Structures are given as C-alpha cells and as structure tokens.
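# Chains, contacts and geometry: an overview
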Amino acid sequence: GAGVSQSPSNKVTEKGKDVELRCDPISGHTALYWYRQSLGQGLEFLIYFQGNSAPDKSGLPSDRFSAERTGGSVSTLTIQRTQQEDSAVYLCASSFTGPPEQFFGPGTRLTVL
Amino acid sequence: ELKVEQNPLFLSMQEGKNYTIYCNYSTTSDRLYWYRQDPGKSLESLFVLLSNGAVKQEGRLMASLDTKARLSTLHITAAVHDLSATYFCAVVEETSGSRLTFGEGTQLTVNP
C-alpha cells in the first residue's frame, strides 16, 4: 500500500519568506509526527498529532513554526519568516494508536538562502 | 530530559566480520526502535522492541533490549557491503506520549 508522502521533496527559499510543507500519512493512521534532521542537531521531534486530541507542540523551536492537521489526515507544517538555521530535512511519520511503529515519509529538504 | 547515546558513531568493518552497536538511554522506557537510513533517503524501520529481554532478528541483524540497564544492542553478523548505512536507535519516554528521541546515529561502512 501507499506509504507516507511529503511534498515538495525540495524547497529553496529566501530568508524571510514563509514556507508550507505537506504530509499525507498512511491511510488509517491516527497519529502523525513531524521531525527535522539537520547536521548540527541530528533528528529532533517537532510536533505530534493524535486523533482529535490537542497536539503536542513541545518540540517546535520557535513561534515561527506552526502545524495543523485537517480532517485527521493531511498535515501542513508552516515556517514563517524563514532563517538560515531552518535549513534541514523535515520528516513526517505516521502510526496507528497503541505501541506505535512510526513509518517515515521521504522528507522535504528545505534550503534557506 | 531523555538522552539517547549511541556508540560507536562511526564504524568501518570488513565483510564477514561481526560487530555490535550500543544504544544507551537515560530514563525509564520500554519502547525502543532501530531505524536504518541510506544517504539521501528517509528512515526505514528495522526493529521494534517493546519489553525487557526482547530480541528480534532479521537476516544478519539482531537487536535486543535490556530495560533495567537502559541498553539496546544491534548486532551485525558476517557483515556484507549492503549493510552500509547509518543506524539510529530511538526511544519513547514513558511520560512523553509517543514521540521518539533519537540517538546520534552510527555510520556503518562495510568494506569488501
């Protein structure tokens, strides 16, 4: 079956612009996660959605970052006023409830010039 | 704050040899995951370990979990070149819901 998909696969933007990254989880998965992977910081948790519960936003690095999940499916991660330190690969994962095995998408490589 | 440490961070080995990658974590958890990442690719799930003493094997890789020692191992048997990749362990902290905290990754190179 289809895995987690993300778009775009690559995004180059100028400092100060806003960007939106999209994630389509595996059908039927109720949990959705965003992580980012950068050279200096490794793999970091950003935000977690579980069903209709309030999201766990504890990993968002600043108030320039926000995310939403519409209809319990697709999620969008928005970064406002991008900075060069936002350059990273943004990974989305999804899972069923219960002991979760998280399945990762291919990622979006964001480059802020 | 949960800390997850892997060692070694870099491992170069010859085909046919055995080696073990270690993953230590700092707080109580009974959920540990191993992932593989090839250059430029995403994370591929290898093993899910959900209880003390859990052992799982797939091909030349075997993973185990000791929750009392807060230690997981990934053992490589008779390595082959195709195993060259970066391996991450990740832990779910009991109080954090389901979010993963990752180790730094072990970059494995298997030489002919």
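Details of the structure are given in the entry above.
Structure report, in brief.

Rules of the game
- Residues numbered from 1 in each chain as written.
- Chains lettered and ligands numbered in written order.
- Predicted model: local features only at pLDDT ≥ 70, side-chain atom pairs only at ≥ 80, totals over all residues.
- Heavy atoms only, no water.
- Pairing = 2+ DSSP bridges.
- Helix = DSSP H or I, 4+ residues; strand = E, 2+ residues; numbered from the N terminus.
- Axes fitted to C-alpha atoms, helices over the stretch in contact; angles between N-to-C directions.
- Buried < 20%, exposed > 50% of the residue type's maximum accessible area, 1.4 Å probe, protein only.
- Salt bridge = Lys/Arg side-chain N within 4 Å of Asp/Glu carboxyl O.
- Contact = heavy atoms within 4.5 Å.
- Buried area = accessible area lost by both parts, 1.4 Å probe.
- Nonpolar A, V, L, I, M, F, W, Y, C, P; charged D, E, K, R; others polar.
- Phe/Tyr/Trp six-rings, centres within 6.5 Å; stacked < 30°, edge-to-face > 60°.

### Examining the sheet that holds strand S6 (residues 55-58) of chain B
Residue and element names in this part refer to chain B. A sheet is described by the order of its strands in space; here 5 strands give the open sequence S1-S3-S8-S7-S6, paired in antiparallel fashion. Of all strands in the sheet, those bounded by a partner on one side alone are strand S1 (4-7) and S6. Strand after strand, the sheet turns through a mean of 15° between neighbouring axes, direction not considered.

### Focus on unusual backbone geometry
Cis peptide bonds are those with omega within 30 degrees of zero, and the linkage from Ser7 of chain A to Pro8 of chain A qualifies with -10°. Note the cis peptide between Asn7 of chain B and Pro8 of chain B, where omega equals 0°. Of note, the phi angle at Arg81 of chain A is positive, near 50°, even though the residue is not glycine. Mapping Arg81 of chain A onto the fold places it in the loop between strand S7 (75-79) and strand S8 (88-95). Exposure remark for Arg81 of chain A: the relative accessible area of 42% places this residue in the partly exposed category. For Ala78 of chain B, which is not a glycine, the phi torsion comes out positive at approximately 50°.

### Some points on the sheet that holds strand S6 (residues 65-69) of chain A
Sheet strands pair by backbone hydrogen bonding; their relative direction is either parallel or antiparallel. Residue and element names in this part refer to chain A. Here we have 4 strands laid out as an open sheet, ordered S1-S3-S7-S6, and antiparallel in their pairing. Only two strands of the sheet have a single partner each, and these edge strands are strand S1 (5-7) and S6. With direction set aside, neighbouring strand axes in the sheet form an average angle of 15°. Judged from the 5 bridges that link them, S6 and S7 form a sheet pairing that is antiparallel. When the sheet's bridge partners are listed, Phe65 is paired in S7 with Ile79.

### A closer look at the pattern of salt bridges
Two side chains carrying opposite charge are able to pair once their charged atoms lie near each other. Residue and element names in this part refer to chain A. Within the structure shown, the criterion is met by 4 salt bridges over all chains. Glu44 serves as the salt-bridge partner of Arg36, at 3.0 Å between the closest nitrogen and oxygen. Among the residues examined, Arg36 registers a relative accessible area of 10% and is labelled buried. For Glu44, a relative accessible area of 22% corresponds to the partly exposed category.

### Some words on the interface of chain A and chain B
Across the contact, 17 residues belong to chain A and 15 residues belong to chain B. For the pairing of chain A and chain B, the buried interface totals around 1400 Å² over both sides, and the portion due to carbon and sulfur atoms is 57%. If you sort the residues of chain A by the area they bury against chain B, Leu43, Pro100 and Phe104 of chain A come out on top, with a joint share of 35%. One can count 0 salt bridges joining chain A with chain B. Those elements giving two or more residues to the side of chain A that touches chain B turn out to be strand S4 (31-38) and strand S5 (42-50) of chain A. Its residues placed into classes, the side of chain A that touches chain B shows 10 nonpolar, 5 polar and 2 charged.

### Observations regarding the packing of aromatic side chains
Inspection of every chain in the model, using the stated rule, returns 9 aromatic pairs over all chains. Ring centres 6.2 Å apart and planes at 70° place the aromatic pair Phe104 of chain A and Phe102 of chain B in the edge-to-face group. Taken together, the positions of Phe104 of chain A in strand S9 (residues 103-104) and Phe102 of chain B in strand S10 (residues 100-102) put the pair across two chains. Each member of the pair, Phe104 of chain A as well as Phe102 of chain B, carries the same accessibility label: buried. Plain terms: the ring middles of Phe88 of chain B and Phe102 of chain B are 6.3 Å apart, the flat faces sit at 90° to each other, and that makes the pair edge-to-face. Of the two residues, Phe88 of chain B is situated in strand S9 (residues 85-92) and Phe102 of chain B in strand S10; the sequence distance between them amounts to 14 residues. As far as burial versus exposure is concerned, Phe88 of chain B and Phe102 of chain B are alike and both buried. The structure contains a cluster of three or more aromatic residues connected by ring pairs, namely Tyr33, Tyr35, Phe45, Tyr48 and Phe104 of chain A together with Tyr35, Phe88 and Phe102 of chain B.

Treat this as a map of the structure, not an account of what it does.
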